[in-house]
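Below, each chain spelled out in residue letters.
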Amino acid sequence: MQGTSAPGGRVSDIQVRDVDCPGGLVYAPPGGPCLEFSVDMYRYYGGSLDTDAAEALAYELRRRADAGDLYRRVVSVSRRTMIRGLGVPGDGVPYAVDGGRGRGGPPGG
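Read on for a plain summary of the structure. Nothing here was measured: the structure is a model prediction, and the numbers come from that model.

**Quick look at the pattern of salt bridges**
- Counting across every chain of the model gives 6 salt bridges.
- One salt bridge in this structure joins R64 and D69, with 3.3 Å as the shortest N-O distance.
- Between D91 and R72 there is a salt bridge, and its shortest N-O distance comes to 3.1 Å. Note that D91 is positioned in strand β7 (residues 91-92) and R72 in helix α2 (residues 69-77), a separation of 19 residues in sequence.
- Look at the salt bridges and you will find they share partners, linking R64, D69, R72 and D91 into a network.

Given below as structure tokens:
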């Protein structure tokens, strides 16, 4: 995904990697396939990107993912994605241990 600007700095392209899911997620079982998103932040020449600004940006990224913005963006870029949900609670198709269907049904359902 393409990076974005922040006051006093720039966020690099977003790196995505496959990881095992932790417990307690709404959209995946523990140990199931999950995605980890990471970014690098760079200070513009002469700009300030202090710890408070970096923490504020990290908070805003988490807040928007947890509001469902990240999942909706992924789906808008690729409607055929196999990703079922992002964020806590975020947005997507809730995982059901008993095989029940969440909003929108399971993949292929």
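**Some points on the environment of L86**
- By secondary structure assignment, the location of L86 is in strand β6 (residues 85-86).
- The spatial distance from the C-alpha of L86 to the C-alpha of D66 is 7.4 Å, given a sequence separation of 20 residues.
- Not counting chain neighbours up to four residues away, the residues in contact with L86 comprise Y27, F37, A65, L70, Y71, V74 and D91.

**So, helix α1 (residues 51-66)**
- The end-to-end C-alpha separation of α1 is 22 Å, in line with the 22 Å expected for 16 residues at 1.5 Å each.
- G68 occupies a position one or two residues after α1 and carries a positive phi of about 100 degrees.

**Focus on the state of the cysteines**
- All chains considered together, the criterion is met by 1 disulfide.
- There is a disulfide in this structure between C21 and C34, and the S-S distance comes to 1.8 Å. One quick way to see it: the torsion about the S-S bond of C21 and C34 is about 105 degrees, and its sign makes the bridge right-handed. With C21 in the loop between β3 (15-20) and β4 (33-38) and C34 in strand β4, the pair connects residues that are 13 residues apart, well separated along the chain.
- In this structure C34 comes out as buried when scored by relative accessible area, which is 15%.

Rules used in this analysis
- Residues numbered from 1 in each chain as written.
- Predicted model: local features only at pLDDT ≥ 70, side-chain atom pairs only at ≥ 80, totals over all residues.
- Heavy atoms only, no water.
- Salt bridge = Lys/Arg side-chain N within 4 Å of Asp/Glu carboxyl O.
- Helix = DSSP H or I, 4+ residues; strand = E, 2+ residues; numbered from the N terminus.
- Contact = heavy atoms within 4.5 Å.
- Expected span 1.5 Å × (residues − 1).
- Disulfide = S-S within 2.5 Å.
- Buried < 20%, exposed > 50% of the residue type's maximum accessible area, 1.4 Å probe, protein only.

Limitation: the analysis is restricted to geometry and does not speak to function.
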